[in-house]
Amino acid sequence: MLDTEVRELMQSFVLSDYQVQEVYSRFYAEISKGLKRSTNSQATTKCFPTYVQDLPTGDEIGKYLALDLGGTNFRVLLVSLKGHHDALVEFQTYAVPKDLMVGPGVDLFDHIAECLAKFVAKHDMKNAYLPLGFTFSFPCVQKGLKEAVLSRWTKGFKCPGVAGEDVGRLLHEAIQRRGDVEIAVVAILNDTTGTLMSCAHRNADCRVGIIVGTGCNACYVEHVDQVDLLDHEFKREKKQVIVNCEWGAFGEGGQLDFVRTEYDVTIDNKSINPAQQLFEKMTSGMYLGELVRLVLIRGLQKKAVFKLNPRREEFATILEENENIFETRHISEIESDTFPEFANTRRICKQLFGLEKATVEDCQKLKYVCECVSKRAATLVAIGASGLVNKTFDRKVVVGMDGSVYRYHPKFDEYIRETMHKLVKPDKTFDIMLSEDGSGRGAALVAAVASKTK
Ligand code: BGC
């Protein structure tokens, strides 16, 4: 049994039914605000029209290149769409060195172009002239499929000279500077759009795409009449458009203050983008591990965790001195553990903190701390997901999901469904589907439907 100290420690992470309902109402209102031209400027969720208006049929064929920037790694991909809902994806992963994440934008785009050129040379495709889809997973104002102006950096990126610029043009210029590859950038898309497209390729009922990875965001299929920001010429022939909600920014207007904890405030204050992406900072992989570290520091001070461990003082010092030592993947590993072995928990305690003799009780408490942090994240994601499912016109809605947190956490899916069952309207049915390589296959599909439209 867990004692009251640890329960008290985690109390502020446990959302009551009232809080869940209240966040839901505020989120739903915020999306409506984002969609309306008259209120968009005050909305935190910007609801950018993506200009993707056709969902895949499954019959798409052809070879496409894709670039994927926005998670932990940068990837170049070659995607062969084979019809019959099938695709083959080959890719190469390249690290994005820390200095490129915060250095001049030109250097970042030169690096992207260099990786692309190497990939094309390796695959002997210099003269193939393949169309390219660029999955650029940051908030962008799209002016069409090929034009995307970055509105802000997120997730630890902060390269001067890019915000306010069209990233399609920056990529094009970097490719031109090299002069050794000829590539046509035919579409720029968000990873949530890629996720939705890649799930819709397999399941025609997919209407929502969600990422819970390094960052957190969602998009959904909306009726064009609801999307004020979409120009009239795009409303004549087609009746739907994918809207990129950019829900990571939700809360910047104070909407989440009543549920944010002292730890959320600390995370935000020491981030490189204070006061921004507040919903993201409570839900995504970039921050969840660090939230656990901060809670453990407080827990040790209050003797709510590792109370009797002889090395608790040293443990506290290691935690205090090493930001980000506890990573989000450790949460997934600890929550995968079974009683009373706690094999992962013990290994992590030893590897990270040199703690040899964690007791069963210590392990139980650490697991509980992780559970409270990840469960709150999943509950918040579920609130957003339910809002979007309820907003769509369809009665049966499949939600496509991806991202390292969703993919590797043993119970994230279960936690999300639990809350969605409470919030999705009774006349609707929903399901969640794991996306297969949305950033690659999805990019190819957007490129493919774009060329079909032409
Ligand atoms: C970005 C989104 C992106 C999400 C998931 C957020 O930080 O603002 O555009 O979809 O991360 O990668």
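Residues numbered from 1 in each chain as written. Predicted model: local features only at pLDDT ≥ 70, side-chain atom pairs only at ≥ 80, totals over all residues. Heavy atoms only, no water.

1. Quick notes on the site of the ligand
Now for step 1: By nearness alone, 15 residues border the ligand, and Thr154, Asn190, Asp191, Glu246 and Glu280 come closest of all.
Now for step 2: Contact between the ligand and Thr154: an oxygen atom at 2.7 Å from a side-chain N or O atom of the residue.
Now for step 3: Within the side chain of Glu246, a nitrogen or oxygen atom sits 2.6 Å from an oxygen atom of the ligand.
Now for step 4: Here the ligand, which alone exposes 310 Å², has 99% of that area covered by the protein.
Now for step 5: Cavity membership is defined here by more than half of the atoms lying within 2 Å of grid points; on that basis the ligand lies in the second largest pocket.
Now for step 6: Sorting the residues of the shell around the ligand by element identifies helix 6 (191-202) and strand 10 (216-223) as the ones contributing at least two each.
Now for step 7: For the shell around the ligand, the per-class residue count stands at four nonpolar, seven polar and four charged. (Near = heavy atom within 4 Å. Polar contact = N/O pair within 3.5 Å; in protein donor to acceptor, adjacent residues only side chain to side chain. Areas by Shrake-Rupley, 256 points an atom, 1.4 Å probe, with all protein chains shown as cover. 1 Å grid on protein atoms, 1.4 Å probe; cavity = no way out; pocket = protein on both sides within 12 Å on 5 of 7 lines; lining within 4 Å. Sits in = over half its atoms within 2 Å of the grid points. Helix = DSSP H or I, 4+ residues; strand = E, 2+ residues; numbered from the N terminus. Nonpolar A, V, L, I, M, F, W, Y, C, P; charged D, E, K, R; others polar.)

2. Describing the layout of surface pockets
Now for step 1: When its volume is computed, the largest pocket comes out at roughly 1,100 Å³.
Now for step 2: The wall of the largest pocket is formed by 38 residues, among which Thr214, Gly285, Met286, Tyr287 and Asn324 lie closest to the centre.
Now for step 3: Listed by contribution, the elements that provide at least two residues to the lining of the largest pocket are helix 3 (98-102), helix 9 (285-301), helix 11 (328-335) and helix 14 (404-408).
Now for step 4: No other element matches helix 9, which puts six residues into the lining of the largest pocket. (Points joined across faces, edges and corners; volume = space filled by probe spheres on them.)

3. Focus on the sheet that holds strand 8 (residues 184-189)
Now for step 1: With mixed pairing, five strands are arranged side by side in an open sheet as 4-3-2-5-8. This sheet does not close on itself; its edge strands, each paired only once, are strand 4 (86-95) and strand 8. The sheet shows a mean angle of 20° between the axes of neighbouring strands, direction not considered.
Now for step 2: Where strand 2 (residues 61-69) and strand 5 (residues 131-136) come together, five bridges link them in parallel fashion. Bridging from a neighbouring strand, Asp68 pairs with Thr135 of strand 5.
Now for step 3: Running at roughly 95° to strand 8, helix 6 makes contact with strand 4, strand 5 and strand 8 of the sheet. (Pairing = 2+ DSSP bridges. Axes fitted to C-alpha atoms, helices over the stretch in contact; angles between N-to-C directions. Contact = heavy atoms within 4.5 Å.)

4. Concerning the pairing of strand 7 (residues 147-150)
Now for step 1: Strand direction decides the pairing type here: strand 6 (residues 140-144) and strand 7, joined by four bridges, are antiparallel. The residue bridging Gln142 from the neighbouring strand is Ala148, located in strand 7.
Now for step 2: In textbook terms, the turn of a hairpin is the stretch between consecutive antiparallel strands, and for strand 6 and strand 7 this stretch comprises two residues.

5. Thoughts on helix 5 (residues 167-178)
Now for step 1: Between its first and last C-alpha, helix 5 extends 17 Å over 12 residues, near the 16 Å set by a 1.5 Å rise per residue.
Now for step 2: Where the residues of helix 5 are buried, they touch strand 2, helix 4 (105-122), strand 5, strand 7 and strand 8.
Now for step 3: Taken from the residues just after helix 5, Gly179 is the one with a positive phi, measuring 75°. (Expected span 1.5 Å × (residues − 1).)

6. A look at the packing of aromatic side chains
Now for step 1: For the structure on display, the rule yields 17 aromatic pairs.
Now for step 2: Seen from their ring centres, Phe138 and Phe157 are 5.1 Å apart, and the 70° between their planes marks the pair as edge-to-face. Of this pair, Phe138 sits in the loop between strand 5 and strand 6 while Phe157 sits in the loop between strand 7 and helix 5, and the two are 19 residues apart along the sequence. The pair formed by Phe138 and Phe157 is uniform in burial state, with each residue classed as buried.
Now for step 3: Measuring from ring centre to ring centre gives 5.6 Å for Trp247 and Phe279, while their planes differ by 70°; the resulting arrangement is edge-to-face. Of this pair, Trp247 sits in the loop between strand 11 (240-244) and helix 7 (262-269) while Phe279 sits in helix 8 (residues 278-283), and the two are 32 residues apart along the sequence.
Now for step 4: Judged by relative accessible area, Trp247 falls into the buried class, the value being 0%.
Now for step 5: Of the aromatic side chains, those joined through ring pairs into one cluster are Phe134, Phe136, Phe138, Trp153 and Phe157.
Now for step 6: In this structure, Arg75 is placed above the aromatic ring of Phe91, and the distance from its NZ or CZ to the ring centre is 4.8 Å.
Now for step 7: Taking the ring centre of Phe138 as reference, the NZ or CZ of Lys155 above it sits at 4.7 Å. (Phe/Tyr/Trp six-rings, centres within 6.5 Å; stacked < 30°, edge-to-face > 60°. Buried < 20%, exposed > 50% of the residue type's maximum accessible area, 1.4 Å probe, protein only. Lys NZ or Arg CZ within 6 Å of the ring centre and 35° of its normal.)

7. Here we look at the pairing of strand 5
Two faces, one strand: in a regular strand the side chains alternate between the faces of the sheet.
Now for step 1: Most of strand 5 is tucked away: five of the six residues are buried.
Now for step 2: Bridge count between strand 5 and strand 8: five bridges; the pairing is parallel. Each residue of the ladder has a partner; that of Thr135, found in strand 8, is Leu189.

8. With respect to unusual backbone geometry
Apart from glycine, the bulk of residues carry a negative phi angle, and the bulk of peptide bonds sit in the trans form.
Now for step 1: A cis amide bond links Phe339 with the next residue in sequence, Pro340, at an omega value of -5°.
Now for step 2: As for its position among the elements, Pro340 is in the loop between helix 11 and helix 12 (343-353).
Now for step 3: The phi dihedral of Cys47 is positive, around 50°, even though this residue is not glycine.
Now for step 4: Following the sequence through the fold, Cys47 ends up in the loop between helix 2 (17-35) and strand 1 (48-49).
Now for step 5: The phi angle at Glu246 is positive, at roughly 50°, despite the residue not being glycine.

9. Overview of the sheet that holds strand 9 (residues 206-212)
Now for step 1: Taken together, the six strands give an open sheet; going across it, the order is 1-11-10-9-12-13, and neighbouring strands pair in mixed fashion. Either end of the sheet is taken by a strand with one partner, and the two such strands are strand 1 and strand 13 (429-434).
Now for step 2: The strands touched by helix 13 (residues 360-391) are strand 9, strand 10, strand 12 (396-402) and strand 13; relative to strand 10, the strand with the most contacts, the crossing angle is about 10°.

10. Here we look at the pattern of salt bridges
Now for step 1: All chains considered together, the criterion is met by 33 salt bridges.
Now for step 2: Among the ionic pairs, Lys238 bridges to Asp54, the shortest N-O distance being 2.9 Å. Pair noted here: Lys238 is in the loop between strand 10 and strand 11 and Asp54 is in the loop between strand 1 and strand 2, with a separation of 184 residues, a long-range link.
Now for step 3: Salt bridges linked by common partners bring Asp257, Arg260, Asp268 and Lys281 together as one network. (Salt bridge = Lys/Arg side-chain N within 4 Å of Asp/Glu carboxyl O.)

In short, geometric facts, not functional conclusions.
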